[in-house]
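Structural characterization, general
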Amino acid sequence: MSFGEAPITLVGNLTDDPELKFTDSGTALAKFTIAVTPRSFDRTSNQWKDGTTAFYRCAAWRTLAEHVADSFGKGSRVVATGRMRQHDWQTPEGENRSMLAVEVDDIGASVRFTTVQINDRRPTEPATDSWAASAGAGSSATEGAEPPF
């Protein structure tokens, strides 16, 4: 994030399945919308009341884009962090247009109302467990020794 950019965190539901595209250079781009509805408790009626729903157009790039498309669908409750970006363009008729969108830096499933199962897809690397390595043959470590911290 650059100096002067205001971070934004959204908690809401996807309005549709993410749309995964690839640029001409092969960079993945996922576009999706998050609907955020504030709720407040009305003490006079003793009920929760929904406020006005705001719809935030979002974009995720590269590996994050592919993970978003593989992980979430319409209705998924998510927590997304990123920054607001203004996009300006001109229509074929010469009219100037602009819109705000959230460039998502990270996104995850909200577990407030449900549970999720994580599938860790990171490449596996050789074990670098110093405790396992020191327990091998010829080691000076004694069984049951206290860790050095």
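One structure accompanies this document, and this report is about it. Here the structure is a predicted model, which means the values were calculated and not measured.

**Quick look at the overall build of the protein chain**
What the protein chain contains, in helices and strands, is 2 helices and 8 strands. Within the protein chain, the fraction of its 149 residues that count as buried is 22%. For the protein chain, long-range pairs separated by at least 24 residues make up 58% of all intrachain contacts whose partners lie at least 6 apart in sequence. Surface exposure of the protein chain reaches about 11400 Å², of which carbon and sulfur atoms provide 49%.

**Points about a nonpolar patch on the surface**
Residues V111, V116 and I118 make up a contiguous nonpolar surface patch of roughly 300 Å² in combined accessible area. Relative to the elements of secondary structure, I118 occurs in the loop between β8 (96-109) and α2 (130-134).

**Considerations on unusual backbone geometry**
Residues other than glycine seldom take positive phi values, yet N46 does so here, at roughly 60°. If you trace the backbone, N46 turns up in the loop between β4 (39-42) and β5 (47-50). On the accessibility criterion, N46 (57% relative accessible area) is exposed. Located in the positive-phi region is R62, a residue other than glycine, with phi close to 60°. Along the polypeptide, R62 turns up in helix α1 (residues 62-71). Residue classification places R62 among the exposed residues on the basis of a relative accessible area of 54%.

**What about the pattern of salt bridges?**
The final tally for this structure, using the stated rule, is 8 salt bridges. For the salt bridge of R39 with D50, the shortest nitrogen-to-oxygen distance reads 2.6 Å. Residue R39 is located in strand β4, and its partner D50 is located in strand β5; the two are separated by 11 residues in the primary sequence. Judged by its relative accessible area of 53%, R39 is exposed.

What counts, and where the lines are drawn
- Residues numbered from 1 in each chain as written.
- Predicted model: local features only at pLDDT ≥ 70, side-chain atom pairs only at ≥ 80, totals over all residues.
- Heavy atoms only, no water.
- Helix = DSSP H or I, 4+ residues; strand = E, 2+ residues; numbered from the N terminus.
- Buried < 20%, exposed > 50% of the residue type's maximum accessible area, 1.4 Å probe, protein only.
- Contact = heavy atoms within 4.5 Å.
- Areas by Shrake-Rupley, 256 points an atom, 1.4 Å probe, with all protein chains shown as cover.
- Patch = residues over 30% accessible without salt bridge, like charges linked within 9 Å, V, L, I, M, F, W, Y side chains within 5 Å.
- Salt bridge = Lys/Arg side-chain N within 4 Å of Asp/Glu carboxyl O.

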